[in-house]
Each structure stands twice: as structure tokens, then as C-alpha cells.
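Residue strings, one per chain:
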Amino acid sequence: MNYEILNTEINDGIAVVTISRPKAMNALNTRFFNEMDQLVVEISANKDVKVMVITGDGKAFVAGADIAEMVNKNSEEGKSFSELGQNTFSSFGKMDIPVIAAINGFALGGGLELAMGCDFRLASTKAKFGQPEVNLGLIPGYAGTQRLPRLTGMGDALYLLLTADMIGAQDALRMGLVQKVFEPEELMKETMKIAGLIVAKGPQAIKKVKKVVREGLESSFCEGEKLEAQEFGTLFGEGNEGKVGMTAFLEKRKPEW
Ligand code: CO8
């Protein structure tokens, strides 16, 4: 595919994907979703990539779904556009590798929903967050109504959804919407450091942490425990990662995955 909106650079096991439609504040259109779906397939098939980072070009991370594209949609088309984005953002959670959002600027509406589909979020002190859909007579359509309360709790989620207030990085940190905040010029450097920590770990263990946490949250505690025990067990046995990691520890050397 010829990518027009997504620029990808792969170095040292980390794929940095930059969303670039700066004239429209990186707003999400159909072309974006088609490109992202294809990229997820390609990155998932590339065994050299251990972490994916998503960031934005210019002063926005993503300022939402493309309002100019949405304005003329009818009810059926609106629903399809919602499902298109829901599927794309859910696909990040199904990838074996962690997906990190590096939020450089505005993360509004669909932009915040994109970030919430990632495994965790790092932000610049300049980042701004909000769900401004009610300003437009809309509600979030890319699972924002579902992911936001799961991340922040119901009070902060309903505050953001009902008031459309745009908040800064420190408030987002307090709400648990982002995990760390850095000065703008440090954001990518620090993101790469954090991604590098993950690259060095056992890839099977990383994959299973993500799977057990995500699937566990969708099931009961007891079912989650069973899944954990089952996946824990798979890491033992000849040649499996647990043996490699524990043997390396006992022999006082670095593991070779
Ligand atoms: N869609 C399309 N174009 C946009 C968007 C957007 N979401 N955001 C900004 N732009 C465009 C502007 O129209 C402007 O274009 P032009 O230069 O041609 O006039 C350009 O980007 C620059 O924007 P501004 O001049 O407004 O820049 P400012 O720095 O003054 O303001 C803001 C930046 C605060 C980000 C402002 O642009 C803004 O408020 N944008 C809209 C934010 C918003 O409401 N986002 C939510 C959109 S709805 C949504 O995301 C729902 C998701 C679920 C959809 C479900 C499917 C049906």
C-alpha cells in the first residue's frame, strides 16, 4: 500500500508510526483507517518489530474524526464510520506487541479514543485532552464511552464526556488517562527509552502479559485467574522463555531470547 498519512520508521525493534495530516490537525478520515488497518497487518507480520509507537505530526496528536468527512453522512453511514474506527482501535489490543501512544499535542474526540486503544499513553506537557463530541451534537463513536470510564472511573469520564472540557497533561495524569508526562522536546526520547525497556524483555512474556490483562478485564476474576495460570504454565518447559530467563539469572548473565 502507498501510505499517504502514516509514516513509519523501524529502528532497534521499535516501529514509530507518525500520523501526518497537519493541515487538518491529523483528523481521522476513511483513508487513515484503511492505512492503519493495513499497517497493523504488516507490523504484526514483521518479527523484528517488538513495540509500536503512535504519535502525531505538528501541534496535534489527532484532533478527532474528520468533521468535514462526517458532516454529510446519514444514519447508516455514521454507524459504519463508527464501526470502522472501533475495529481499528480494537485491533491494537489484539496485537502481540505493545502499542504506546506518544501524545504530542491535541488528543480530542477520536484522537483520544485512538490513544485509549493503545496499551498505555505517554504525553508532552503541551498535550490537551478532551471528548468534545457533545459540542457537535455527537457522542464518541470509537469506543470512547467504553474505554474512558474503564481508565479513569465513572466520575472523571462523565465529567469529560458531559462538559467537553479540554484538560492538560497534569489533569490527564491525575485521572490515569496517561502514565507519564515529559517536556515536549523529551517526549520521543523518553518514549524510545521506555519502548527499549520492553524490547529487552522476553517477547513471549510480553505477549502474554498483554493477553492476560486485556482478556482478563473482559471476563470474571476467576476466569482471569485461570487464564493467568494457563499462560504462566506455557512459559515453562524445555526451550521456553521462562527456563531461558530463570537459567540466565541463576548463571548471572543476560538472557538470550
Ligand atoms: N476534523 C476536520 N478538520 C479539523 C478537525 C477535525 N476534527 N480539527 C481541526 N481541523 C482543521 C480545521 O478545520 C482547520 O482547517 P482550515 O485551516 O482548513 O480552516 C485546521 O484543522 C486547523 O484548525 P484550527 O484553525 O481550528 O486550529 P486551532 O489551533 O485554532 O484549534 C483545535 C485547534 C482546538 C484542535 C480545533 O481545531 C478544534 O477544536 N478541532 C475540532 C476538535 C473536535 O471537535 N474533535 C472531535 C471531532 S468528533 C469526533 O472525533 C467523534 C469521533 C467518533 C466518530 C464516530 C463516527 C461517526
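Going by the structure above, here's the rest.
Just so you know, these numbers come straight off a predicted model, no measurement behind them.

Draft legend 1. Here's a closer look at the site of the ligand. In the region of the ligand, 24 residues are neighbours, and K59, A63, A65, I67 and G110 sit closest. A63 is positioned such that a nitrogen or oxygen atom in its backbone is 2.9 Å from a nitrogen atom of the ligand. The protein chains hide 63% of the 1100 Å² of surface that the ligand would expose on its own. Of all the secondary structure elements, the ones that give two or more residues to the shell around the ligand are α2 (67-70), α3 (75-94), β6 (106-108) and α4 (110-117). Taken together, the residues of the shell around the ligand break down into 13 nonpolar, six polar and five charged.

Draft legend 2. Quick peek at the side chain of E241. Along the chain, the position of E241 falls in helix α11 (residues 241-250). Comment: no salt bridge for buried E241; closest opposite-charge side chain is K50, at 8.3 Å.

Draft legend 3. View of the packing of α4 against helix α5 (residues 144-152). Closest axis-to-axis distance for the α4/α5 pair is 10 Å, and the angle between their directions is 60 degrees. With respect to each other, α4 and α5 are oriented oblique. Seen from above, α4 lies across α5 with left-handed handedness. Taking contact as the criterion, the partners of E113, M116 and G117 in α4 are, on α5, G144, R147, L148 and L151. Partitioned by chemical class, the residues of the contact of α4 with α5 number three nonpolar, two polar and two charged.

About the criteria used
- Residues numbered from 1 in each chain as written.
- Predicted model: local features only at pLDDT ≥ 70, side-chain atom pairs only at ≥ 80, totals over all residues.
- Heavy atoms only, no water.
- Near = heavy atom within 4 Å.
- Polar contact = N/O pair within 3.5 Å; in protein donor to acceptor, adjacent residues only side chain to side chain.
- Areas by Shrake-Rupley, 256 points an atom, 1.4 Å probe, with all protein chains shown as cover.
- Helix = DSSP H or I, 4+ residues; strand = E, 2+ residues; numbered from the N terminus.
- Nonpolar A, V, L, I, M, F, W, Y, C, P; charged D, E, K, R; others polar.
- Buried < 20%, exposed > 50% of the residue type's maximum accessible area, 1.4 Å probe, protein only.
- Lys, Arg positive; Asp, Glu negative; His and termini not counted.
- Salt bridge = Lys/Arg side-chain N within 4 Å of Asp/Glu carboxyl O.
- Axes fitted to C-alpha atoms, helices over the stretch in contact; angles between N-to-C directions.
- Parallel < 35°, antiparallel > 145°, perpendicular 65-115°, else oblique.
- Left-handed = near helix turned anticlockwise from the far one by under 90°.
- Contact = heavy atoms within 4.5 Å.

Nothing here speaks to function; it is geometry throughout.
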